[in-house]
Amino acid sequence: MRQSHQLSLVGLLLFSLIPSQLCEICEVSEKNDINPLLNTMINSKYTRGTSAANVLLSLKLVGIQNQILRQKMVKEIKHIVKMGVSDLSSGELALIILALGACRSPEETLIYDYHLIDELENKFQAEIKNMETHNDNPLTNYYQLSLDVLALCLFNGNYSTAEVVKRFNPENKNYYFGSQFSVDTGAMAVLALTCVNRSLTNGQVKADGGDLTKISNYTKSLVEKILCKKKRNGLIGNTFSTGEAMQALFVSSDYYNETEWNCRETLNAVLMEISRGAFNIPIAAAQVLPALLGKTYLDVNKDSSCVSGSGNFNISIPEPITVTPPESQPHISVNYSVRINETYSANVTVPHGSVFLAVMEKAQKINHTIFCFTMEESSWGPYITSVQGLWASNNDRTYWELLSGGKPLSQGAGSYVVHNGENLEVRWSTY
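Residues numbered from 1 in each chain as written. Predicted model: local features only at pLDDT ≥ 70, side-chain atom pairs only at ≥ 80, totals over all residues. Heavy atoms only, no water.

- Looking up the protein in an unreviewed UniProt entry gives the name Transcobalamin-1, with the organism given as Sapajus apella.
- Under the heading Subcellular location (unreviewed entry), UniProt records this for the protein: "Secreted".
- In UniProt, the protein has this text filed under Sequence similarities (unreviewed entry): "Belongs to the eukaryotic cobalamin transport proteins family." (UniProt positions renumbered as here; feature names shortened; annotations may be inferred.)

Here it is as structure tokens:
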């Protein structure tokens, strides 16, 4: 029989007193450094749905108090919850719980009024069941599975330590995308395993001593894999995985030497990416912001009030920016291809500044049979679900990969800005 664990009220209080960062953490010192991120979260049309949960969680963690913005985000989340959570993935629901429950706030009652913890427990078990019947493939992915464990661990939910030990082995294929280790997936797993580890260490839950050893070993191995993805400029993995990698390294300093990671170097690399406009969608801005102010998702604590993430300056929300579009835009030409068993290509003309999705839409108009596609909205913007009627599948580990010049893109179809003469491709791929 699987042993389930539920944190006691006393245990939760003790847990809240444990420092969530165990190393010296570097932080931004000038508020101007993060203003572009705040502008992105405030002004983007994509700050809705579960993206609102990302933004609310991030702003709460770093102690930014703005009632108008907060009420807007809570309204979006409340609408989702009232409509029912059956259509949400497990990770989306976990994120909503983290956002609503972070800090002492009125909206946390929604978690209990709508039994969101129970709903997450059921969705987590559905993920496990799917893995048992579909070659170890979850309904979603290991990033979301890690979010599930983290939320259940932090918010008094039932979960099986034995199941965590069984599923979170660092050599599991679900940590990899193709042959490449996924840094953000590994980082979220480190946060989840650290939470479980602390619960076991402090006696809040009971488990076999071997489980604690395995969880510690898993964390060490994942940290090593994350550090192996550190680039010369300080980024870890890619631009968008670096913030969560920083969070993971903040809480796992027992598993690496000081010389293995220069936090300041990574911070400066992220600030450089911010200055280049890299984090131009709300979820990207929200995910990187906590680490820049020395915070992690383990700082989510429903029994504590929100406090500023930085003690040396007060952060205010900048005024929304009004952008007046130009009366006319020059056009550019790109080569667009769809590759399945063979390659289909077309020359496509779009306005300067267009994103990848605009190219796909224009190509579809040129030849609907060859270039037809479907998509769905996600927190990261549009996600391509099918091309030529061929659907991506988690169970089969297949997806539609976006490439430029033969190299995979780290941005999605709705955010990658194309350039004149570029060779763009949508490829049927496995991971």
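## Quick notes on the overall build of the protein
Right, so step 1: A count of helices and strands for the protein gives 16 helices and 12 strands.
Right, so step 2: Across the 431 residues that make up the protein, the buried fraction comes to 55%.
Right, so step 3: Long-range pairs, those at least 24 residues apart, make up 72% of the contacts in the protein between residues at least 6 apart in sequence.
Right, so step 4: Split by element, the accessible area of the protein, about 19400 Å² in all, is 49% carbon and sulfur. (Helix = DSSP H or I, 4+ residues; strand = E, 2+ residues; numbered from the N terminus. Buried < 20%, exposed > 50% of the residue type's maximum accessible area, 1.4 Å probe, protein only. Contact = heavy atoms within 4.5 Å. Areas by Shrake-Rupley, 256 points an atom, 1.4 Å probe, with all protein chains shown as cover.)

## Digging into unusual backbone geometry
Right, so step 1: Positive phi is not limited to glycine here, since Asn135 has a value of about 55°.
Right, so step 2: By secondary structure assignment, the location of Asn135 is in the loop between α7 (116-133) and α8 (142-154).
Right, so step 3: Overall, Asn135 belongs to the exposed group, its relative accessible area being 60%.

## Concerning the pairing of strand β8 (residues 381-387)
Right, so step 1: Counting buried residues in β8 gives six out of seven residues, a clear majority hidden from the surface.
Right, so step 2: Note that strand β7 (residues 373-378) and β8 share six bridges and pair antiparallel. Directly across from Glu377, in β8, lies its bridge partner Pro382.
Right, so step 3: One ladder, built from two bridges, connects β8 with strand β9 (residues 390-391); its direction is antiparallel. Its bridge partner being in β9, Val387 is matched across the sheet by Leu390.
Right, so step 4: Here β8 folds back onto β9 in antiparallel fashion, the turn holding two residues, of which Gln388 has a positive phi close to 55°. (Pairing = 2+ DSSP bridges.)

## Some details on the nonpolar core
Right, so step 1: Counting 109 residues, the largest nonpolar core has Phe279 and Leu289 as its most contacted members.
Right, so step 2: The biggest single contributor to this core is helix α10 (residues 183-201), with 11 residues.
Right, so step 3: Residues Tyr336, Val350, Val418 and Leu424 belong to the second largest nonpolar core, which totals 23 residues. (Core = buried A, V, L, I, M, F, W, Y, C linked by side-chain atoms within 4.5 Å.)

## Some points on helix α5 (residues 90-101)
Right, so step 1: With 12 residues, α5 ought to run about 16 Å at 1.5 Å a step, and its terminal C-alpha atoms sit 16 Å apart, in line with that.
Right, so step 2: Counting buried positions over the 12 residues of α5 gives 11, a clear majority of the element.
Right, so step 3: Of the residues making up α5, those classed as buried are Ser90, Gly91, Leu93, Ala94, Leu95, Ile96, Ile97, Leu98, Ala99, Leu100 and Gly101.
Right, so step 4: Where the residues of α5 are buried, they touch α3 (50-61), α4 (67-83), α6 (109-113), α7 and α8. (Expected span 1.5 Å × (residues − 1).)

## A closer look at the pattern of salt bridges
Right, so step 1: On inspection of all chains with the given rule, the structure shows nine salt bridges.
Right, so step 2: Linking Arg70 and Glu107 is a salt bridge whose minimum nitrogen-to-oxygen distance equals 3.0 Å. Of the two residues, Arg70 sits in helix α4 while Glu107 sits in the loop between α5 and α6, which places them 37 residues apart along the sequence.
Right, so step 3: With a relative accessible area of 15%, Arg70 lands in the buried category.
Right, so step 4: Judged by relative accessible area, which is 9%, Glu107 ranks as buried.
Right, so step 5: One salt bridge connects Arg167 with Asp136, and the closest N-O pair in it is separated by 3.1 Å. One end of the pair, Arg167, is in helix α9 (residues 161-167); the other, Asp136, is in the loop between α7 and α8, and 31 residues separate them in sequence.
Right, so step 6: You can call Asp136 partly exposed: its relative accessible area is 22%. (Salt bridge = Lys/Arg side-chain N within 4 Å of Asp/Glu carboxyl O.)

## Comments concerning the state of the cysteines
Right, so step 1: A full pass over the atoms with the stated rule returns two disulfides.
Right, so step 2: Here Cys26 engages in a disulfide with Cys263; their sulfurs sit 1.9 Å apart. Across the S-S bond of Cys26 and Cys263 the torsion is about -75°, and the bridge reads as left-handed. Separated by 237 residues along the polypeptide, Cys26 in the loop between α1 (9-16) and α2 (35-43) and Cys263 in helix α13 (residues 263-275) bring together distant segments of the chain.
Right, so step 3: Looking at Cys26, the relative accessible area reads 8%, which means it is buried.
Right, so step 4: The disulfide partner of Cys153 is Cys195, and the S-S distance across this bridge is 2.1 Å. Taking the sign of the S-S torsion, about -95° here, the bridge from Cys153 to Cys195 comes out left-handed. (Disulfide = S-S within 2.5 Å.)

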